[in-house]
Structure formats: structure tokens, C-alpha cells
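# Topology and contacts: notes
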Amino acid sequence: QVGWWFYRQPMALSEEARDRLADIVELQPTKNAALQEQWGMDSGSEVHQYLESELKEYYYRDESSLICATPEAVEVVGADPEDGQQVVVTDLQQAVIDCLAGPDEESQSVVAVLHDLRDAGHDPTVDDVRSALRSLADKGIVEIVQKTVPTFRLAVERDRIDVERLED
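Definitions and limits used
Residues numbered from 1 in each chain as written. Predicted model: local features only at pLDDT ≥ 70, side-chain atom pairs only at ≥ 80, totals over all residues. Heavy atoms only, no water. Helix = DSSP H or I, 4+ residues; strand = E, 2+ residues; numbered from the N terminus. Buried < 20%, exposed > 50% of the residue type's maximum accessible area, 1.4 Å probe, protein only. Contact = heavy atoms within 4.5 Å. Areas by Shrake-Rupley, 256 points an atom, 1.4 Å probe, with all protein chains shown as cover. Pairing = 2+ DSSP bridges. Salt bridge = Lys/Arg side-chain N within 4 Å of Asp/Glu carboxyl O. Core = buried A, V, L, I, M, F, W, Y, C linked by side-chain atoms within 4.5 Å. Arc of directions from axis to C-beta. Patch = residues over 30% accessible without salt bridge, like charges linked within 9 Å, V, L, I, M, F, W, Y side chains within 5 Å. Lys, Arg positive; Asp, Glu negative; His and termini not counted. Charge placed at Lys NZ, Arg CZ, Asp CG, Glu CD. pLDDT = per-residue confidence, 0-100.

## Focus: the overall build of the chain
The helix and strand inventory of the chain stands at seven helices and seven strands. Along its sequence from the N terminus, the chain presents helices and strands in the succession α-α-α-β-β-α-β-α-β-α-α-β-β-β. Every one of the 168 residues in the chain was classed for burial, and the buried ones make up 40%. Within the chain, contacts between residues separated by at least 24 positions form 60% of all contacts whose residues are at least 6 apart in sequence. Only carbon and sulfur atoms are counted for the fraction: they give 44% of the accessible area of the chain, which is about 9,300 Å².

Take a look at the structure:
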């Protein structure tokens with residue numbers, strides 16, 4: 001079964017959507033309430049509906065459910081991509097970033113990443129690695145390359161990622 005993350009296509013944005021996307025880039029990480037106030041909407045539910053219908057490909061929610069912009073969103077609104085993208089990650093996600101193939105390298109299967117993590121002294125399960133890779137893909141940090149099985153590599157250079165670790 002192929003999931004939505006294999007076919008993420010950029011969406012055409014209206015001027016209003018671009019402006020609102022710029023707000024997300026500027027305010028991130030942010031909450032529905034902050035965007036509700038910024039956009040003059042009546043409820044957080046209205047914000048959520050707008051995000052899902054108009055900006056679905058350009059935002060994600062971090063582990064604290066705060067709204068964050070993807071790297072594509074930063075590029076779309078013309079922010080400086082060299083500033084990097086700040087993401088909040090778990091220790092395992094940090095280890096994945098550290099060992100995963102770079103953007104110009106051959107992508108890796110979940111099992112290959114698992115072996116690299118174990119070689120580096122970590123002992124996750126295959127399901128933990130798969131979950132970490134998909135979470136990083138949702139954040140725009142990891143690219144999924146569909147082959148016979150999904151394979152993964154970083155979507156951005158390591159030095160463009162500003163990492164803040166979650167407390168366990």
C-alpha cells in the first residue's frame with residue numbers, strides 16, 4: 001500500500017494562501033490561536049480547516065502539536081533557505097539525521113538505516129526506525145524515494161537543519 005507521502009506534489013497557491021504561508025514561516029512554531037488572531041478567523045477549527053484545505057503540503061505539527069513550515073514553504077515565500085530549518089526531534093530522529101544518506105547520495109532502506117544506527121551504537125527496533133523516518137519526512141527533512149520498497153535520504157543538507165532535542 002502506497003501512502004500519501006510518496007506522491008507529495010507542490011500545490012498552486014493563491015495570493016492569500018502565500019501571505020498566510022508567510023505568516024506561518026514567520027511565526028513558527030505557532031498555535032491555531034495565534035493564526036486565528038493573525039488571520040481574523042472566528043475559531044481554531046476554522047484555522048485547521050484552512051490549513052488542511054489550502055496549505056496541507058507546506059506545514060506539519062511538531063511533537064508539541066505546534067504548527068511549523070516545511071522547507072518547501074520557506075522557499076515558496078522567499079525566506080532565506082540558507083538560514084536552515086529548525087526542527088524539534090527525538091534522540092532517535094537525531095541519530096537518523098546523523099547517519100542517513102545525504103541529498104546527493106543513494107537512498108537507504110529502513111533496514112539499511114537500522115543497521116547503520118546499530119553500527120553507531122543505537123539499538124532501535126525496525127518499527128521505531130520506520131516511524132522516525134516517516135516523522136522526519138513529514139517535517140520535510142527526509143525525502144522518500146519509492147523503489148521496490150521505500151528508501152530514504154535527507155531532503156536538505158545536514159548543516160541547514162537547526163535541531164532542538166525533545167526531553168524524553
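## Some words on the sheet that holds strand 5 (residues 142–146)
Each strand in a sheet pairs with its neighbour through backbone hydrogen bonds, running either in the same direction (parallel) or in the opposite one (antiparallel). If you trace the three strands from one edge of the open sheet to the other, you get 4-6-5, paired in antiparallel fashion. The sheet is open, and its two edges are formed by strand 4 (108–109) and strand 5, each paired on a single side. Where strand 4 and strand 6 (residues 150–154) come together, two bridges link them in antiparallel fashion. Looking at strand 6, one finds that Gln108 is bridged to Phe152.

## Brief notes about the pattern of salt bridges
In this structure the tally under the stated criterion is six salt bridges. One salt bridge connects Arg118 with Asp123, and the closest N-O pair in it is separated by 3.5 Å. With a relative accessible area of 40%, Arg118 lands in the partly exposed category. For Asp127, the salt bridge is made with Arg130, and the minimal N-O distance between the two is 2.9 Å. Of this pair, Asp127 and Arg130 both sit in helix 7 (residues 126–138), three residues apart, which is roughly one turn of the helix.

## A closer look at the nonpolar core
In this structure, Val96, Leu100, Leu133, Ile141 and Val142 are the most contacted members of the largest nonpolar core, which totals 21 residues. Tallying contributions element by element places helix 7 first for this core, with five residues.

## Things to note about helix 2 (residues 32–39)
The periodicity of an α-helix, 3.6 residues per turn, causes residues three or four positions apart to be oriented the same way. Inspection of helix 2 places Asn32, Leu35 and Trp39 among the buried residues, and these make up the whole buried set. In a view along the axis of helix 2, the buried residues occupy a sector of 65 degrees, so they form one face of it. Exposed side chains of helix 2 directed beyond 90 degrees from the buried face belong to Ala33 and Glu37. Contacts made by the buried residues of helix 2 are with helix 1 (15–27), helix 3 (44–54), strand 1 (59–61) and strand 2 (67–69). The first or second residue beyond helix 2 is Gly40, which carries a positive phi of 65 degrees.

## Considering a negative patch on the surface
Together, Asp104, Glu105, Glu157 and Asp159 make up a negatively charged patch on the protein surface. In this structure, Asp159 sits in the loop between strand 6 and strand 7 (161–165). The class of Asp159 is exposed, set by a relative accessible area of 71%.

## Remarks on the environment of Tyr59
On the secondary structure map, Tyr59 appears in strand 1. Separated by 81 residues in sequence, Tyr59 and Gly140 have C-alpha atoms that sit 8.9 Å apart.

## Observations regarding the confidence of the model for the chain
Caution applies to low-pLDDT parts of the model: their predicted coordinates are not meant to be read in detail. For the chain, the mean per-residue pLDDT works out to 84, and 88% of the residues sit at or above 70. Considering each helix and strand of the chain separately, the mean pLDDT is smallest for strand 3 (residues 85–89), with a value of 68, and largest for helix 6 (residues 110–119), with 95.

## As for helix 6
Residues of helix 6 that are buried include every one of Val110, Val113, Leu114 and Leu117, and no others. For helix 6, the arc enclosing every buried residue in end-on projection is 105 degrees, short of the 170-degree limit, so these residues lie on one face. Looking at the buried side of helix 6, the elements it contacts are helix 5 (91–99), strand 4, helix 7 and strand 6. Directly beyond the C-terminal end of helix 6, a positive phi value near 100 degrees is found at Gly121.

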